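Summary of structural features
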Amino acid sequence: MAVFTEVSKKEARDLLRRLQLGTLVSLRGIEGGIENTNYFLTSDQGEYVLTLFERLTAEQLPFYLHLMKHLAHAGIPVPDPRGDRHGDILHTVAGKPAAVVSKLQGKSQLAPEAVHCAAVGGMLARMHLAGRGYERQQPNLRGLAWWNETVPVVLPHIGEAQRTLLRSELAYQNHVAASPGYAALPRGPVHADLFRDNAMFDGETLTGFFDFYFAGVDTWLFDLSVCLNDWCIDWAAGTHAPLRAAAMLDAYQAVRPLTAQERALLPAMLRAGALRFWISRLWDFHLPREASLLTPHDPTHFERVLRGRVAEPLHVGAAGGFAH
């Protein structure tokens, strides 16, 4: 959500006119992410988010946009893409593919407690079940294939201890992905990036999930693991936070209980979730793109999380609950 492409007020006014969303009141760039250009777009009819896609193509984007619309219509609180008079929800702004979505109310809960983690866990399970009827197909573009392509690119930029860990964990994840147990995991559309800053709360009430532009078809367990690795981690140390993790897991399983294969592979998927974001943060940190508000994330955080997940694997019993 950095600003790579500048949007003029004239372009914003023209876009609002095409979408019949009223008259421009304000346009403000959003700082924080590292993939797309994002603006808060306010008109006399309401508040919206304008996203210009810097890496995703016009061929890839319908998967994400129609997934949000599918989930919104299923009652999941997510941004709803706005269409023009022809019903098209993919637009062009400043020469880039773009979308305008409704702005969620509330704010991100960056210091979550168990109650927030439970709300995310329950809604995540509902979202997974709601996605079963979504017919478009697209893999998780930051999944195993991307890890295999990207690790050789970042290896020259890191120390020997990091190279050793990265190579060994990538080999382990390739081994897991080739196993019958992994093939049996339930899957469907996943968010794949549901961090603390991609959900909104009004106090203790969850008001929605947003930023679906890493979504794809993957295992639901991977999606849950990504959440556990962010919401249920002591941020400074990168270590497991058991009370928050139990709250998230219990709320998730109250809606969709994990299968035996999922319980068995949770330790591996927690490692996979940490590896995925360590790789991407190494890539963004050492091979950055120019952006007027870009601040790359510290890659060492997910190195700590991964080392913790390897050293102290977490297991889920048949009755629920974590055990080392």
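Criteria and cut-off values
- Residues numbered from 1 in each chain as written.
- Predicted model: local features only at pLDDT ≥ 70, side-chain atom pairs only at ≥ 80, totals over all residues.
- Heavy atoms only, no water.
- Pairing = 2+ DSSP bridges.
- Helix = DSSP H or I, 4+ residues; strand = E, 2+ residues; numbered from the N terminus.
- Axes fitted to C-alpha atoms, helices over the stretch in contact; angles between N-to-C directions.
- Expected span 1.5 Å × (residues − 1).
- Buried < 20%, exposed > 50% of the residue type's maximum accessible area, 1.4 Å probe, protein only.
- Contact = heavy atoms within 4.5 Å.
- Salt bridge = Lys/Arg side-chain N within 4 Å of Asp/Glu carboxyl O.
- Phe/Tyr/Trp six-rings, centres within 6.5 Å; stacked < 30°, edge-to-face > 60°.
- Lys NZ or Arg CZ within 6 Å of the ring centre and 35° of its normal.
- Parallel < 35°, antiparallel > 145°, perpendicular 65-115°, else oblique.
- Left-handed = near helix turned anticlockwise from the far one by under 90°.
- Nonpolar A, V, L, I, M, F, W, Y, C, P; charged D, E, K, R; others polar.
- Core = buried A, V, L, I, M, F, W, Y, C linked by side-chain atoms within 4.5 Å.

Across a sheet, strands are paired by hydrogen bonds formed along the backbone, either parallel or antiparallel in direction. Here we have five strands laid out as an open sheet, ordered β1-β2-β3-β5-β4, and antiparallel in their pairing. Edge positions in the sheet fall to β1 (24–29) and β4 (91–93), since each has one partner strand and no second. Between one strand axis and the next, the sheet turns by 35° as a mean value, whatever way the strands run. Bridge count between strand β3 (residues 46–52) and strand β5 (residues 96–102): five bridges; the pairing is antiparallel. Opposite Leu52, over in β5, you have Ala98 as the bridge partner.

With that settled, the discussion passes to unusual backbone geometry. The phi dihedral of Gln20 is positive, around 55°, even though this residue is not glycine. Following the sequence through the fold, Gln20 ends up in the loop between α1 (9–19) and β1.

Taking 1.5 Å per residue as the helical rise, helix α2 (residues 61–73) with its 13 residues ought to reach 18 Å, and the 19 Å between its terminal C-alpha atoms agrees with that figure. Of the positions making up α2, those classed as buried are Leu61, Phe63, Tyr64, Leu65, Leu67, Met68 and Leu71. Looking at the packing, one finds that the buried side of α2 touches β5, α3 (114–130), β6 (187–190) and β9 (216–219). Of the residues flanking the end of α2, it is Gly75, one or two places downstream, whose phi is positive at about 90°.

We now examine the pairing of strand β7 (residues 199–202). Alignment of β7 against strand β8 (residues 205–209), held across four bridges, turns out to be antiparallel. What sits directly across from Met200, in β8, is Gly208. The loop that links β7 with its antiparallel partner β8 comprises two residues; one of these, Gly203, has a positive phi angle of about 70°.

Evaluation of the coordinates by the stated rule reveals nine salt bridges. A salt bridge links Glu54 to Lys96; its shortest N-O distance comes to 2.7 Å. Here Glu54, found in the loop between β3 and α2, pairs with Lys96, found in strand β5; they are 42 residues apart in sequence, far enough to count as distant. Overall, the relative accessible area of 21% leaves Glu54 in the partly exposed class. Here Asp230 ties to Arg196 by a salt bridge, and the two come within 3.5 Å at their closest N and O atoms. Taken as a pair, Asp230 in helix α7 (residues 220–231) and Arg196 in the loop between β6 and β7 lie far apart in primary sequence, 34 residues in all. No difference in accessibility class separates Asp230 from Arg196, as the two residues are buried.

Now for the packing of aromatic side chains. Following the criterion strictly, the structure yields 10 aromatic pairs and no others. Seen in terms of ring centroids, Phe195 and Phe302 are 5.8 Å apart; in terms of plane orientation they differ by 45°. Their pairing is tilted. Remark: Phe302 occurs in helix α10 (residues 300–311) and Phe195 occurs in the loop between β6 and β7; sequence separation between them is 107 residues. Each member of the pair, Phe195 together with Phe302, is buried. Clustering of aromatic rings is evident, with ring pairs tying together Phe53, Phe63, Tyr64, Tyr134 and Tyr213. One Lys or Arg, Arg142, reaches over the ring of Trp146 and ends 4.3 Å from the middle of that ring. We note Arg276 situated over the ring of Phe214; from NZ or CZ to the ring centre the distance is 5.0 Å.

Moving on, we come to the packing of α7 against helix α9 (residues 260–286). Taken N-terminus to C-terminus, the directions of α7 and α9 make an angle of 60°; their axes are 8 Å apart at the nearest point. Judged by the angle between their axes, α7 and α9 are oblique. Handedness of the α7/α9 crossing: right-handed. Across the interface between the two elements, Trp220, Leu221, Phe222, Ser225, Val226, Leu228 and Asn229 from α7 touch Glu262, Leu265, Leu266, Met269, Leu270, Ala272, Gly273, Ala274, Arg276 and Phe277 from α9. Here the contact of α7 with α9 is composed, by residue class, of 12 nonpolar, three polar and two charged.

Bringing the nonpolar core into the picture now. Counting 80 residues, the largest nonpolar core has Leu166, Phe209, Phe212, Tyr213, Trp231 and Met248 as its most contacted members. Counting residues per element, this core draws most heavily on α9, which supplies 13 residues. With sequence-adjacent residues up to four places away left out, Phe209 is seen in contact with Pro77, Val78, Pro79, Leu104, Val120, Met123, Leu124, Met127, Leu194, Asn198 and Ala199. By size, the runner-up hydrophobic cluster in this structure holds 16 residues, among which are Leu16, Tyr48, Ala98 and Val100.

All right, on to the side chain of Thr219 then. Looking at where Thr219 falls in the secondary structure, it is placed in strand β9. When its relative accessible area of 0% is taken as the criterion, Thr219 is described as buried. Once you skip the residues sitting within four places of it in the chain, Thr219 turns out to touch Tyr182, Leu185, Pro186, Arg187, Val190 and Met269.

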